[in-house]
Amino acid sequence: MESVMVILVGILVTVATYLILSRNLIRVILGTALLSHAVHLLILTMGSLKKGNVPLLSDSDGPYTDALPQALILTAIVISFAVTAFVLVLTFRTYGTNKTDDLQKLRGNADE
Amino acid sequence: MSNLLIAPMIIPIMTAVVLVFLRDNVRVQRIITLITMGGVTLISLFLLVEVQQNGIMRLDFSGWLPPFGILFVGDQLALLLVTVASIVTAACCIYAFSTIGEAHEKMFFYSFVLMLIAGVNGSFLTGDIFNLFVCFEVMLLASYVLVALGGGKRQLRESLKYVLINVVASWMFLVALAYLYGAIGTLNMAHISSRVMEAGQDPVLTTISLVFLIVFSLKAGLLLFFWLPGSYSVPPTSVAALFAALLTKVGMYALIRTFTLMFPLQQDITHTILAVMAVLTLIAGMAGAMGGRDIKTIATYNVIIGVGFIMLGVAIANEQAMMGVVYYLMHDMVAKALLFLCIGMMMYLTGETVVKNMSGLIRNYPLFGWLYFLGLCALVGIPPLSGFVGKVLIGQGAITGGHYVLLAIGFASSVVVLYSLLRIFLASFFGETIIVLEDEVPIRKGMMGSLLVLAACVIFLGLGANYMMPFVEAAAAVLVDPSIYIDAVLPQGND
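The structure contained in this document is the topic of the report that follows. (Residues numbered from 1 in each chain as written. Chains lettered and ligands numbered in written order. Predicted model: local features only at pLDDT ≥ 70, side-chain atom pairs only at ≥ 80, totals over all residues. Heavy atoms only, no water.)

Quick notes on the pairing of strand β2 (residues 71–74) of chain B
Residues and elements named next belong to chain B.
Here is step 1: Residues of β2 alternate between two faces, with L71 and V73 on one and F72 and G74 on the opposite face, all of them buried.
Here is step 2: Pairing of strand β1 (residues 57–60) with β2 involves four bridges; the strand directions are antiparallel. Counterpart to R58 in the pairing with β2 is V73. (Buried < 20%, exposed > 50% of the residue type's maximum accessible area, 1.4 Å probe, protein only. Helix = DSSP H or I, 4+ residues; strand = E, 2+ residues; numbered from the N terminus. Pairing = 2+ DSSP bridges.)

Examining the nonpolar core
All names here are of chain B.
Here is step 1: If you look at the biggest cluster of nonpolar residues, it comprises 230 residues, and the most contacted ones within it are I129, F173, F212 and F368.
Here is step 2: Counting residues per element, this core draws most heavily on helix α14 (residues 319–350), which supplies 23 residues.
Here is step 3: In this structure, F212 is in contact with I129, F173, A176, L177, L180, T258 and F263, ignoring residues within four places of it in sequence. (Core = buried A, V, L, I, M, F, W, Y, C linked by side-chain atoms within 4.5 Å. Contact = heavy atoms within 4.5 Å.)

Quick look at the pattern of salt bridges
Residue and element names in this part refer to chain B.
Here is step 1: Inspection of every chain in the model, using the stated rule, returns nine salt bridges over all chains.
Here is step 2: Notably, a salt bridge pairs D332 with K336, separated by 3.0 Å at the nearest N-O pair. Of this pair, D332 and K336 both sit in helix α14, four residues apart, which is roughly one turn of the helix. A single burial state applies to D332 and to K336, both of which are buried. (Salt bridge = Lys/Arg side-chain N within 4 Å of Asp/Glu carboxyl O.)

Brief notes about the interface of chain B and chain A
Here is step 1: The interface is formed by 28 residues belonging to chain B together with 34 residues belonging to chain A.
Here is step 2: Buried area between chain B and chain A, summed over both chains or domains, comes out near 2,800 Å², and the portion from carbon and sulfur atoms is 81%.
Here is step 3: Counting the surface chain B buries against chain A, the share from its top three residues, L160(B), W171(B) and Y181(B), is 22%.
Here is step 4: For the pair chain B and chain A, the number of links is zero salt bridges.
Here is step 5: Inspection of the chain B/chain A interface yields five residue pairs in polar contact (both at pLDDT 80 or more).
Here is step 6: Of all the elements in the fold, those that place two or more residues in the side of chain B that touches chain A are α6 (129–148) and α7 (153–184) of chain B.
Here is step 7: A per-element tally of the side of chain B that touches chain A places α7(B) first, with 18 residues.
Here is step 8: Residue composition of the side of chain B that touches chain A, by class: 20 nonpolar, three polar and five charged. (Buried area = accessible area lost by both parts, 1.4 Å probe. Polar contact = N/O pair within 3.5 Å; in protein donor to acceptor, adjacent residues only side chain to side chain. Nonpolar A, V, L, I, M, F, W, Y, C, P; charged D, E, K, R; others polar.)

Topic: helix α16 (residues 366–380) of chain B
Residues and elements named next belong to chain B.
Here is step 1: Between its terminal C-alpha atoms α16 stretches 21 Å, which fits the 21 Å expected from 15 residues at 1.5 Å a residue.
Here is step 2: Within α16, eleven of the 15 residues are buried, which leaves the element mostly enclosed by the surrounding structure.
Here is step 3: F368, G369, L371, Y372, L374, G375, L376, C377, A378, L379 and V380 are the residues of α16 that are buried.
Here is step 4: In this fold, the buried residues of α16 make contact with α14, α15 (361–364), α17 (386–401), α18 (404–429) and α19 (445–463).
Here is step 5: At the exit of α16 stands G381, carrying a positive phi of roughly 100 degrees. (Expected span 1.5 Å × (residues − 1).)

Focus: a nonpolar patch on the surface
Residue and element names in this part refer to chain A.
Here is step 1: On the surface, I7, I11 and V15 cluster together to form a nonpolar patch covering roughly 270 Å² of accessible area.
Here is step 2: Its location among the elements puts V15 in helix α1 (residues 2–20).
Here is step 3: Under the relative-accessibility criterion, V15 is labelled partly exposed at 38%. (Patch = residues over 30% accessible without salt bridge, like charges linked within 9 Å, V, L, I, M, F, W, Y side chains within 5 Å. Areas by Shrake-Rupley, 256 points an atom, 1.4 Å probe, with all protein chains shown as cover.)

Some thoughts on the side chain of D102(A)
Here is step 1: Residue position: D102(A) is located in the segment after α3 (68–98).
Here is step 2: A polar contact is formed between the side chain of D102(A) and the backbone nitrogen of Q104(A), at a distance of 2.9 Å.

Written out as structure tokens, the structure reads:
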């Protein structure tokens, strides 16, 4: 199961890398969103996917599932959500002032 | 008692929230910001003295004992940096009061500055590596906003690049965390350290440490600094000074913790790579500083030289070098802020950024001219100012460790710093006066005040080295011998 998950993570990272390297800003942002999904899966996999009971002493007497990766992922999801929202607004403003969403045209002048 | 350890992070966050509701009341906002930063400075000074007397302090959130809960650890290194960071932020805020303009102030400028310092202080104090990631993100989100605030064409363009590069860097941070958790099963920094000590640092762990190296190098501007000159040159002066003083230092702090506390065992590999990266950073920084024509470029490449020099000390990694690193970190925060504020002031006064187009400023603004000269001397490392102590200690460390090449390159960088900054001084401050008395833009009290605060810190760090030394020695002792840190954090017999 772990190896299947890691391959899936690999595919997600590949797609995300492809998107990030493109010239269109929206695709770049989609790429970063995909990247964050990939790493969340990676954290889950690294905490090992073994089956176990809920980690509550009153409900069962083990073996328990490691709950920590879920907590980490939850935190990471919130952060990546906030950052993505911010980047989208920033892109919108950049598009408004610079009149382009092509990264090639956003490079800046040679004298700067 | 140890509850106070959270104060440097929680007080700015709470104040930032309060300031949101005082949007239209700019005056009140300024007063509250200043009081907050002053308060945080005093609290961190108090904590520093307390830790020096009673040993490393820790705060377990909601009573979960380490290694199970998240915790803050206050050792001398963290608290020294928190104290200096708070002072620098206060100074930059004072500068902002008279320069940033009402448009910024009404768009929650001070709230974001406070959020930034909360993230910075949290990163210094945390004892859990995932919490370090969270504090990094708090700091970065605030910095994204501060870079973009104002919304000029060029500013938005550069801030977009800054945000994207940091999003990718944060992603790599998470990847490294995932592998680390998979390999070692804990995220408490002291616990990681003790497990690495017990089991040895096998190739997998060394590889993970190298992923961390890439992540933190991106944040610190060590070799991977291609994003830095662009994004540090677009925001307003007070923001640029804050960034130059704080953001790269947080990355360096994380690097120091990674390679002294968590993964110190394979120094042949990790520290050699660190040394090579530091040398390349120094060379690139030197080239940029010598070749730059406008003052902003020269100043940003001086930041990169500073990063390279400090990482030389980290790569040498004996006790003297570590003392030098701690001292130079503090010095670099203060002196870089001073340099950036001076540069910003020159642009404010003349409206120019190219060195050649300015001249004779010292006749119009004598005090400002000499303050710039003071900052220059401190950055070059002329005794008795602050840079001297750090440079001597790192130099001594290099000689003791037999790293003569690193020594030569490190001190060559000082000469380049001298050349690049003295060129600005000679061309822009001396020479024919271009500003006639009637056109003189007056320097406001707040601007001068912030420069004076920073200059006083530079002088104190130099002349008061005797007072600082016990703290610096204790901080370096923890870096050289991680077991001090582990013993203070992990309760005995709980592993």
